[in-house]
Amino acid sequence: MPESLYTGVMAKADPKEINAILQSAKMALNAGNMREAEGGLRRILAMAPQHAEATYLLGTLAFRVGMLGDAIDLLERSIALQPKQIQYYLTLAAAHRNAGHMPETVKVLVRAQKVGRNNPNVIGQLADAYKLIGRYEDALDLIDQAMMLHPGIAQFYATKATTLEKLKRYDE
């Protein structure tokens with residue numbers, strides 16, 4: 001992998017060609033063939049620099065190989081290009097979390113919650129992030145709301161139990 005994932009040469013964009021390259025890059029990424037995936041994604045971004053999904057996937061690739069700085073930059077860019085894609089926020093939050101940036105993790109998840117207010121993945125990750133930074137009451141409030149909206153999600157019960165344990169409220 002190169003030091004940065006931003007290089008590329010401008011070329012003419014053909015939507016059919018871009019789609020074919022994108023599908024191939026996705027398959028390569030899913031198969032763990034990072035070089036092939038990176039090459040395809042770079043080709044797309046050379047043809048269409050504002051391609052949100054290719055930007056997101058390149059950010060995901062950078063995250064998977066541990067290039068967290070590039071991952072965070074690319075994932076932020078993908079959100080700027082397509083701000084309604086909840087998965088983009090969740091991956092960005094995971095990159096920040098892996099980089100040890102817990103305040104940024106919370107900020108990203110709060111942004112995601114504004115977009116997908118009742119999304120159980122966002123709620124669960126935000127509650128967990130609150131718990132990890134010691135905002136136990138905020139975590140409990142969020143989990144209680146989430147449990148009313150999505151009563152069957154086991155993760156919420158586990159997060160509530162561990163949060164109550166942190167608060168030494170064992171009887172609850």
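Shown above is the structure to which this text applies.
Owing to the predicted nature of the structure, the values given are computational and were not obtained by experimental measurement. One numbering rule holds for all chains: residues counted from 1, following each sequence as written. Whole-chain, interface and lining totals are the exception, using all residues; otherwise, since this is a predicted model, local features are given only for residues with pLDDT of at least 70 and side-chain atom pairs are given and counted only at 80 or more. To get the side-chain values, all heavy atoms of the structure are used, and hydrogens and water are removed first.

A. Representation of the overall build of the protein chain in the model. Counting from the N terminus, the helices are the DSSP runs of H or I reaching at least four residues and the strands are the DSSP runs of E reaching at least two. Helix and strand counts for the protein chain come out as nine helices and zero strands. Along the protein chain, helices and strands appear, N-terminal first, in the series α-α-α-α-α-α-α-α-α. Principal axes of the C-alpha set define a box for the protein chain whose edges measure 65 × 30 × 25 Å. Going through the 172 residues of the protein chain one by one, you find that 44% of them count as buried. When a residue's accessible area, from a 1.4 Å probe over protein chains only, is under 20% of the maximum for its type it is buried; when over 50% it is exposed; and in between it is partly exposed.

B. Spatial organisation of helix 7 (residues 120-132). Along its 13 residues, helix 7 runs 18 Å from first to last C-alpha, staying within 8% of the 18 Å computed at 1.5 Å per residue. Listing the buried residues of helix 7 in full gives V122, I123, G124, L126, A127, D128, A129, Y130 and K131. The inward-facing, buried residues of helix 7 abut helix 5 (86-98), helix 6 (102-115), helix 8 (136-149) and helix 9 (154-166). Just downstream of helix 7 lies G134, where phi reads positive at about 85 degrees. Multiplying 1.5 Å by the residue count of a helix minus one yields the expected span of that helix. Contact definition: two residues touch when any of their heavy atoms are within 4.5 Å.

C. Just the environment of L57, in detail. With respect to the helices and strands, the residue L57 is situated in helix 3 (residues 52-64). Expressed as a C-alpha distance, the spacing of L57 and L41, which sit 16 residues apart in the sequence, is 7.5 Å. Ignoring any residue separated from it by four or fewer positions in sequence, one finds L57 in contact with L22, K26, L29 and L41.

D. Region of interest: unusual backbone geometry. The phi dihedral of K168 is positive, around 60 degrees, even though this residue is not glycine. When you line up the elements, K168 lands in the segment after helix 9. For K168, a relative accessible area of 60% translates into the label exposed.

E. View of the pattern of salt bridges. Any carboxyl oxygen of Asp or Glu within 4 Å of a side-chain nitrogen of Lys or Arg constitutes a salt bridge here. Inspection of the entire model under this criterion finds 10 salt bridges. D138 is the salt-bridge partner of R135, the closest N and O atoms lying 2.6 Å from each other. Note that K160 and D144 form a salt bridge whose closest N and O atoms lie 2.7 Å from each other. With K160 in helix 9 and D144 in helix 8, this residue pair connects regions lying 16 residues apart in the sequence. The exposure class of D144 is partly exposed, given its relative accessible area of 31%.

F. Expanded view of the packing of aromatic side chains. Stacked, tilted and edge-to-face pairs are distinguished by plane angle, under 30 degrees for stacked and over 60 for edge-to-face with tilted covering the rest, among Phe, Tyr and Trp rings (Trp via its six-membered ring) whose centres lie within 6.5 Å. Going through the model one piece at a time under the given rule, you end up with one aromatic pair. Summarising the aromatic geometry, the rings of Y56 and Y88 are spaced 4.3 Å apart at their centres and angled 10 degrees between planes, so their arrangement reads as stacked. You can see Y56 sitting in helix 3 and its partner Y88 sitting in helix 5, a full 32 residues away along the chain.

G. Expanded view of the packing of helix 3 against helix 4 (residues 68-81). Angles shown run from 0 to 180 degrees and are taken between the N-to-C directions of axes, each axis being a line fitted to C-alpha atoms and, for helices, limited to the stretch in contact. Two elements in contact, helix 3 and helix 4, have axes whose closest approach is 8 Å; the angle formed by their N-to-C orientations is 160 degrees. On the basis of the axis angle, helix 3 is roughly antiparallel to helix 4. Considering only the axes of helix 3 and helix 4, their crossing is left-handed. Along the contact surface, helix 3 presents A52, T55, Y56, L58, G59, T60, A62 and F63, while helix 4 presents L68, D70, A71, L74, L75, R77, S78 and L81. Residues are grouped as follows: Ala, Val, Leu, Ile, Met, Phe, Trp, Tyr, Cys and Pro are nonpolar; Asp, Glu, Lys and Arg are charged; every other residue, Gly included, is polar. Its residues assigned to classes, the contact of helix 3 with helix 4 comprises 10 nonpolar, four polar and two charged. Under this scheme an angle from 65 to 115 degrees is roughly perpendicular, one under 35 degrees roughly parallel, and one over 145 degrees roughly antiparallel; angles in between are oblique. Helix crossings get a hand from a simple test, with the near helix turned counterclockwise from the far one by less than a right angle marking a left-handed crossing and a clockwise turn marking a right-handed one.

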